[in-house]
Amino acid sequence: MNGIDWADLWSQIFNFSDYGDLIVLLQNSIIAGAVLGIVGGLIGVFVMSRDMAFAVHGISELSFAGASAGLLFGIGVVEGSLIGSIVAALIIGFLGAKSRDRNSIIAVLMPFGLGLGILCLALYPGRSANKFGLLTGQIVAVDDPRLNSLIAISIIVVVGLLVVWRPLTFASVDADVAAARGVPVQTLSIVFMLLLGLAVAVSVQVVGSLLVLSILVTPAAAALRVSSSPIVVPLLSMLFAVLSLVGGIMLALGGSVPISPYVTTISFAIYVVCRIIAASRARRGISGRKLVALDA
Amino acid sequence: MKIFGAKSARARAGAAPSPRNAPRHVVLRVRGGALQFGERRLWHDLDFDVRAGEFIAVLGANGSGKSSLLKVILGQQQLSAGTMAFEGSPVTRGNRRIGYIPQQKLADEGAPLRGRDLVALGVDGHRFGLPLPRAARRREVDDLLASVGASEYANVAVSTLSGGEQQRLRVGQSLAGDPRLLLCDEPLLSLDLAHQRAVSELIDTHRRQRDLGVLFVTHDINPVLDMVDRVLYLAGGSFRIGTPDEVLRSEVLSELYGSPVDVIRTRGRVIVVGVPDASHGHDGHHHHDDDPILNEQAGSGGGTRS
């Protein structure tokens, strides 16, 4: 490998010439990234407390299948990915009440979805850039109508989560007692799966189906390392997700590499830092016991 | 009412609510209750009352329908026959005047949940909308935490607390909303002896202070033996209810199980040996078999403890 031109490689990854013009051009993408960060960070907290990380991955593969089918049959990528992820979320929600069942159902669905998606893409006669984007992200392609649909769906998810927040928390951390206290645990589980399906569908369109976990799971997992407060964790999680997405988009602007490596790297780095903070706190014996309130 | 066991129990006996001498308000009334799943009949013709301030232990083999009884009271399961009334009206799902304490399960690290948050869920976790911080809510949670001696770890992540500490929080959570009846489903399971004692004493103290009816499902009567007023023993599709002295006897349990069972009392403890395998489960069942020799004598299905 003596052919690599390091300067050229660097400019492919980081290139800030004409940055001002590019930012104006990619205004939509940055807004999309920020909105997505809020949605991903918020729902990520429940993904963690309901132990659903694998489900997110499964739904995103079916969302990819839906998007590819949408592309092939001319229904539209957005519509296709929405249908794909909602169908997947409902199947997982109805058949996978127990976590063992859930994992096997996801493991069955996921390769099937991926295969279906690949089939549709292989048959699609259009440009190959679109195809690759569904798997690894294509934030540059956020036009006005798409941004509007993304914001509309995001509002549904955020408002929906805020409405069911308390009983969903109760059902997620303490299902038996919640049921005894009259919380509709089953209904909430399906409502949550629907909201998760929507959140995954909007994320897939931007970061691609392979990398959805980096905004729906990593930020919340990082926040949980440094706090146990039910107020601080969602706020931090949203902050981390927005930082990863907006930061990733800003860095990716000039280069010719897709945005996902930037997003995933920032989000991973935040997670590592949070783990280090948690480890150093544990070493110093800080646990919050005896009225030492670490977090709000 | 005879109480045997530790001295503390005798000392308390004077203050103990006695359902016979002074009839109290009936919290829960069951008449002709039956529960059946297909061909499988768990119990039938069940008649009993739980009065305010009364502590009743529910005993029986695995699969005898102890937990199902709690599910019926919680409105999550319908009776096959008979009636069940809580505070004079038929039981409904999600009644706020019924507190529930399940067995301890270690909360996992995936949830942002501190001690105070677990208790707060009992206060208003069933309500929709965001949990906005209110002074009244905070005070209520603080009071509950203090009443179960959990203030010290109010701000600690639940996942890092010991089993005993988690169960203290659960008692606090169950007391939110000022319940009239407390349902406990094996709340001492997987706790060490000291914590079993501490948690059962906590429940005992609160039922006296608050005049609470308590139904306490357990596979082992001994940690609560000196606290209970009556024992409800479910076995062989039938039941017996009475004071521990009346129910925990060889002839009574032999009749109930339909095969010879020995009840041994030693050093203030009760040990039941020779309980046949539950007709539907595969677990042999014993009350308290810490003693390996007694355990061996029991010789029924290997002395498994659920």
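- If you check an unreviewed UniProt entry, chain A appears there as ABC transporter permease from Agreia bicolorata.
- Under the heading Sequence similarities (unreviewed entry), UniProt records this for chain A: "Belongs to the ABC-3 integral membrane protein family."

## Observations regarding the overall build of chain B
Working step 1: Broken down by element type, chain B carries 9 helices and 12 strands.
Working step 2: The buried share among the 306 residues of chain B stands at 46%.
Working step 3: Sequence-distant contacts in chain B: of pairs separated by 6 or more residues, those separated by 24 or more amount to 63%.

## A word on the overall build of chain A
Working step 1: A tally of helices and strands in chain A yields 14 helices and 0 strands.
Working step 2: When its helices and strands are written in sequence order, chain A yields α-α-α-α-α-α-α-α-α-α-α-α-α-α.
Working step 3: In terms of overall size, chain A behaves like a compact globule, its C-alpha atoms giving a radius of gyration of 20 Å where 296 residues would be expected to give roughly 19 Å.
Working step 4: Expressed along its principal axes, the backbone C-alpha trace of chain A runs to roughly 60 × 45 × 40 Å.

## Considering the sheet that holds strand β7 (residues 181-185) of chain B
All names here are of chain B.
Working step 1: Strand order in the open sheet made by the 6 strands is β6-β7-β8-β3-β9-β10, with mixed pairing throughout. The sheet is open, and its two borders are formed by β6 (98-101) and β10 (238-242), each paired with just one other strand. Neighbour-to-neighbour, the strand axes of the sheet open up by a mean angle of 15°, direction not taken into account.
Working step 2: Bridge count between β6 and β7: 4 bridges; the pairing is parallel. Directly across from G99, in β7, lies its bridge partner L182.
Working step 3: With respect to the sheet, helix α5 (residues 163-175) is in contact with β6 and β7, its orientation differing from that of β6 by roughly 165°.

## Notes on the packing of helix α3 (residues 27-49) of chain A against helix α8 (residues 144-173) of chain A
Residues and elements named next belong to chain A.
Working step 1: One can describe the packing of α3 onto α8 by two numbers: an axis separation of 9 Å at closest approach and a directional angle of 20°. Viewed along their axes, α3 and α8 adopt a mutual orientation that is roughly parallel. Viewed along their axes, α3 and α8 form a crossing whose handedness is left-handed. Between α3, through N28, I31, A32, V35, I38, V39, L42, I43, F46 and S49, and α8, the contact on the second element is made entirely by D144, L147, L150, I151, S154, V157, V158, L161, L168, S172 and V173.
Working step 2: For the contact of α3 with α8, the per-class residue count stands at 16 nonpolar, 4 polar and 1 charged.

## Remarks on the environment of H126(B)
Working step 1: Structurally, H126(B) can be placed in the loop between α3 (115-124) and α4 (135-147).
Working step 2: C-alpha of H126(B) to C-alpha of E152(B): the two residues are 26 residues apart in sequence and 26 Å apart in space.
Working step 3: Not counting residues up to four positions away in its chain, the partners in contact with H126(B) are P167(A), F170(A), R181(A), G182(A) and V183(A).

## Quick word on the UniProt feature "transmembrane region" (unreviewed entry) in chain A
Residue and element names in this part refer to chain A.
Working step 1: In this numbering, the UniProt entry assigns the feature "transmembrane region" (unreviewed entry) to residues 25-48, 69-92, 104-126, 147-168, 188-219, 231-253 and 259-278.
Working step 2: As annotated, residues 25-48 comprises 96% helix and 0% strand, and the C-alpha atoms at either end are separated by 36 Å.
Working step 3: Annotated as residues 69-92, this span is 83% helix and 0% strand, and its ends, taken at the C-alpha atoms, are 21 Å apart.

## Examining unusual backbone geometry
Residue and element names in this part refer to chain B.
Working step 1: For D45, which is not glycine, the phi torsion reads 50° and is therefore positive.
Working step 2: Along the chain, D45 turns up in strand β2 (residues 40-51).
Working step 3: The phi dihedral of R267 falls on the positive side, at around 45°, and the residue is not glycine.
Working step 4: Along the polypeptide, R267 turns up in the loop between β11 (262-266) and β12 (269-273).

## A closer look at the interface of chain A and chain B
Working step 1: With 34 residues of chain A at the interface, the matching set in chain B holds 30 residues.
Working step 2: Looking at the side of chain A that touches chain B, the element that brings in the most residues is α8(A), giving 10 residues.
Working step 3: Residue classes in the side of chain A that touches chain B are distributed as 18 nonpolar, 9 polar and 7 charged.

## A look at the pairing of β11(B)
Residues and elements named next belong to chain B.
Working step 1: Pairing between β11 and β12: 5 bridges, direction antiparallel. Each residue of the ladder has a partner; that of V263, found in β12, is V272.
Working step 2: Hairpin connection of β11 to β12: 2 residues between the antiparallel strands, including R267 at a positive phi of 45°.

## Quick notes on α5(B)
Working step 1: Given a rise of 1.5 Å per residue, 13 residues ought to cover 18 Å, and the 19 Å separating the end C-alpha atoms of α5(B) matches this to within 8%.
Working step 2: E165(B), Q166(B), Q167(B), R168(B), L169(B), R170(B), V171(B), G172(B), Q173(B), S174(B) and L175(B) are the residues of α5(B) that are buried.
Working step 3: Residues of α5(B) that are buried make contact with α9 (175-180) of chain A together with β6, α3, α4, β7 and α6 (193-210) of chain B.
Working step 4: G177(B), located one to two residues past α5(B), shows a positive phi value of around 85°.

## Quick look at the confidence of the model for chain A
Residue and element names in this part refer to chain A.
Working step 1: The predicted model of chain A averages 87 in pLDDT, with 93% of residues at 70 or higher.
Working step 2: Ranking the elements of chain A by mean pLDDT puts helix α7 (residues 128-136) last, at 68, and helix α12 (residues 218-226) first, at 96.
Working step 3: In the model, residues 291-296 has pLDDT below 50 throughout and makes 10 contacts with residues more than four positions away in sequence or in other chains.

## Re the sheet that holds strand β1 (residues 26-37) of chain B
Paired through their backbone hydrogen bonds, the strands of a sheet run either parallel or antiparallel.
All names here are of chain B.
Working step 1: In spatial order, the strands read β2-β1-β4-β5; together these 4 strands make up an open sheet with antiparallel pairing. Each end of this open sheet is capped by a strand with a single partner; those strands are β2 and β5 (89-90).
Working step 2: Relative to strand β4 (residues 81-86), β1 is paired through 5 bridges, and the arrangement is antiparallel. By the bridge assignment for β4, R29 is matched with A85.
Working step 3: The strands touched by helix α2 (residues 66-73) within the sheet are β1, β2 and β4, with β1 carrying the most contacts at an inclination of about 120°.

Rules of the game
- Residues numbered from 1 in each chain as written.
- Chains lettered and ligands numbered in written order.
- Predicted model: local features only at pLDDT ≥ 70, side-chain atom pairs only at ≥ 80, totals over all residues.
- UniProt positions renumbered as here; feature names shortened; annotations may be inferred.
- Helix = DSSP H or I, 4+ residues; strand = E, 2+ residues; numbered from the N terminus.
- Buried ≥ 20, exposed ≤ 12 C-beta atoms within 10 Å, placed from the backbone.
- Contact = placed C-beta atoms within 7 Å.
- Rg over C-alpha atoms; globule rule 2.2 N^0.38 Å.
- Pairing = 2+ DSSP bridges.
- Axes fitted to C-alpha atoms, helices over the stretch in contact; angles between N-to-C directions.
- Parallel < 35°, antiparallel > 145°, perpendicular 65-115°, else oblique.
- Left-handed = near helix turned anticlockwise from the far one by under 90°.
- Nonpolar A, V, L, I, M, F, W, Y, C, P; charged D, E, K, R; others polar.
- Expected span 1.5 Å × (residues − 1).
- pLDDT = per-residue confidence, 0-100.

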